[in-house]
Amino acid sequence: MTIEQLYYFVKIAESGSFTSASLKLFISQQALSISINNLEKELGVSLFQRSRKGVSLTVDGEYLYQQSKNLLSYYKKISEHFSTTLPLSGTVTIACNYRQKEYILSNTLSYFYARYPKVVFQFNLNERTEIISLVQKGEVDFGLLTTCYGKRFQNQISEDLTYIPLHEKKLACIVSNDSIYSKKNSSISINELKQHKIILERNQNYSEDIFYRIITHFNSEAQVIWADTHTLFHSLVKEGVGIGFTTVSSLNKNNTYTRSIPLKEKIIVSTGILLKK
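Just so you know, these numbers come straight off a predicted model, no measurement behind them. (Residues numbered from 1 in each chain as written. Predicted model: local features only at pLDDT ≥ 70, side-chain atom pairs only at ≥ 80, totals over all residues. Heavy atoms only, no water.)

Explain the overall build of the protein to me, please; I cannot follow it from the model alone.
Scanning the protein from terminus to terminus reveals 10 helices and 11 strands. Expressed as a percentage of its 277 residues, the buried residues of the protein come to 40%. Long-range contacts, defined as pairs at least 24 residues apart, comprise 75% of the intrachain contacts of the protein with a sequence gap of at least 6. Summing over all exposed atoms, the protein offers an accessible surface of approximately 16000 Å²; the carbon and sulfur share of this is 51%. (Helix = DSSP H or I, 4+ residues; strand = E, 2+ residues; numbered from the N terminus. Buried < 20%, exposed > 50% of the residue type's maximum accessible area, 1.4 Å probe, protein only. Contact = heavy atoms within 4.5 Å. Areas by Shrake-Rupley, 256 points an atom, 1.4 Å probe, with all protein chains shown as cover.)

What is the right way to look at the nonpolar core in this model?
Side chains of a nonpolar character, in soluble globular proteins, are inclined to be buried together. Counting 21 residues, the largest nonpolar core has Leu171, Ile188, Leu193, Phe245 and Leu263 as the members making the most contacts within it. For this core, the secondary-structure elements that each account for two or more residues are strand 6 (161–176), helix 8 (190–193), strand 7 (198–201), helix 9 (210–218), strand 9 (243–247) and strand 11 (267–276). With sequence-adjacent residues up to four places away left out, Ile188 is seen in contact with Cys173, Tyr181, Leu193, Ile243, Ile261, Pro262, Leu263, Lys264 and Glu265. Listed in part, the 18 residues of the second largest apolar core include Phe9, Phe18, Ile36 and Leu47. (Core = buried A, V, L, I, M, F, W, Y, C linked by side-chain atoms within 4.5 Å.)

What exactly am I supposed to notice about the packing of aromatic side chains here?
Within a pair of aromatic rings, the relevant descriptors are the distance that separates the centres and the angle that separates the planes. Inspection of the entire model under this criterion finds 2 aromatic pairs. Judged by centre distance (5.9 Å) and plane angle (70 degrees), the rings of Phe18 and Phe48 are edge-to-face. Linking Phe18 in helix 2 (residues 18–25) with Phe48 in strand 1 (residues 48–51), this pair joins segments that are 30 residues apart in sequence. Across this residue pair, the class does not change: Phe18 and Phe48 are buried. Grouping aromatic residues by their ring pairs yields a cluster made of Phe9, Phe18 and Phe48. (Phe/Tyr/Trp six-rings, centres within 6.5 Å; stacked < 30°, edge-to-face > 60°.)

Sorry if this is basic, but what is going on with the packing of helix 1 (residues 3–15) against helix 2 here?
The angle between the axes and the distance between the axes are what describe a pair of packed helices. Between helix 1 and helix 2, the least distance of the axes is 8 Å, while the angle of their chain directions is 125 degrees. Accordingly, the angle class assigned to the pair helix 1 and helix 2 is oblique. In the crossing of helix 1 with helix 2, the sense of the turn from one axis to the other is right-handed. Facing helix 1, whose interface residues are Tyr7, Tyr8, Lys11, Ile12 and Ser15, helix 2 presents Phe18, Ser20, Ala21, Lys24 and Leu25. Its residues assigned to classes, the contact of helix 1 with helix 2 shows 6 nonpolar, 2 polar and 2 charged. (Axes fitted to C-alpha atoms, helices over the stretch in contact; angles between N-to-C directions. Parallel < 35°, antiparallel > 145°, perpendicular 65-115°, else oblique. Left-handed = near helix turned anticlockwise from the far one by under 90°. Nonpolar A, V, L, I, M, F, W, Y, C, P; charged D, E, K, R; others polar.)

I tried to follow the environment of Ile188 on my own but got confused; where do I start?
Inspection of the secondary structure assignment puts Ile188 in the loop between helix 7 (180–184) and helix 8. On the accessibility criterion, Ile188 (0% relative accessible area) is buried. As for Ile188 and Ala172, which are separated by 16 residues in sequence, their C-alpha atoms are 9.2 Å apart.

I would appreciate a short explanation of the pattern of salt bridges in the present structure.
Any two side chains of opposite charge can pair, on the condition that their charged atoms come close. This structure, assessed with the given rule, holds 3 salt bridges. Between Glu14 and Lys69 there is a salt bridge, with the nearest N and O atoms lying 3.0 Å from each other. With Glu14 in helix 1 and Lys69 in helix 4 (residues 59–85), the pair connects residues that are 55 residues apart, well separated along the chain. The partly exposed category is assigned to Glu14, whose relative accessible area is 42%. (Salt bridge = Lys/Arg side-chain N within 4 Å of Asp/Glu carboxyl O.)

What's the story with the side chain of Ser189 in this structure? I'm lost.
Structurally, the position occupied by Ser189 is in the loop between helix 7 and helix 8. Here Ser189 is in contact with Lys264 and Glu265, once residues within four sequence places are set aside.

What exactly am I supposed to notice about the environment of Ser89 here?
With respect to the element layout, Ser89 can be found in the loop between helix 4 and strand 3 (90–96). Judged by its relative accessible area of 52%, Ser89 is exposed. The sequence separation of Ser89 and Lys118 amounts to 29 residues, and the corresponding C-alpha distance is 4.7 Å. When near neighbours in sequence (up to four residues on either side) are disregarded, Ser89 contacts Lys118 and Val119.

I'm lost on the side chain of Ser22 in this one. Help?
Among the structural elements, Ser22 can be located in helix 2. Among the polar contacts listed, one links the side chain of Ser22 to the backbone oxygen of Thr19, at a separation of 2.7 Å. Excluding residues within four positions of it along the chain, Ser22 makes contact with Ile27, Ser28, Gln29 and Leu32. (Polar contact = N/O pair within 3.5 Å; in protein donor to acceptor, adjacent residues only side chain to side chain.)

I would appreciate a short explanation of helix 2 in the present structure.
Every α-helix winds through 3.6 residues per turn, so residues three or four apart in the chain are directed the same way. Three or more residues of helix 2 are buried, namely Phe18, Ala21, Ser22 and Leu25. The arc that holds the buried residues of helix 2, viewed along the axis, is 100 degrees, so those residues lie on one side. Residues of helix 2 that are exposed and angled more than 90 degrees away from the buried face: Leu23 and Lys24. Turning to helix 2, the residues buried within the fold contact helix 1, helix 3 (29–43), strand 1 and strand 2 (54–57). The N-cap residue of helix 2 is Ser17: its side-chain oxygen and the backbone nitrogen of Ser20 are 3.0 Å apart. Just downstream of helix 2, Phe26 is the residue with a positive phi angle, here 60 degrees. (Arc of directions from axis to C-beta.)

Here's what the structure looks like:
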């Protein structure tokens, strides 16, 4: 049993679901589930009652929750005492792209800066292949990498590197309201996409690499249209020029001219920390 496991356990109990807790903790739901399953095996009890609506504490879970809250409170006091006595300092170098820095690291780093003002962060903004190279060469402390995986597709991580997923998003398609797929009110398969032009947004930083790899993996002759702006991307989809690719969380729910269609194949786009072993 570790402090980390107890911290995760408390967050899940207070959030009411693994999904909600994983978003708050910036780790994948899979990693969170593995941690709690290991804790339950070690203790020999079930801590949560699981249902479609979420999770609730069992009798054993309620006991552990109360004890964990007390333990974590003492742990926090001890950590704060010594962190003020021996302030953390130094420079951390991170390889990532602009989008990752702005949308993933901004909130985390502001919290870190407030607690450890003597730590300096330096950013090496690059594209995917260069981020991997910088981590492998040991020229940065760690990198942020966006990758993807599915039943029939997997972006492999080099054996000399360790990848720790922070959060995951499902891949989806965007079609015009006049599209046959919009009227069918159903999902679409990768094979069905072969007969259509694919629209990708170039300024998403990772879409040029990740989305293009997925498309060409299933169809090497795919017709890809690159949109240089977000507005052009949605305009091309709206006019029925082709089918757009994006993540579910990036969809604009207020857009009345286009519609998201889930993929039959579950393909996950994951962003995580890349470390040299």
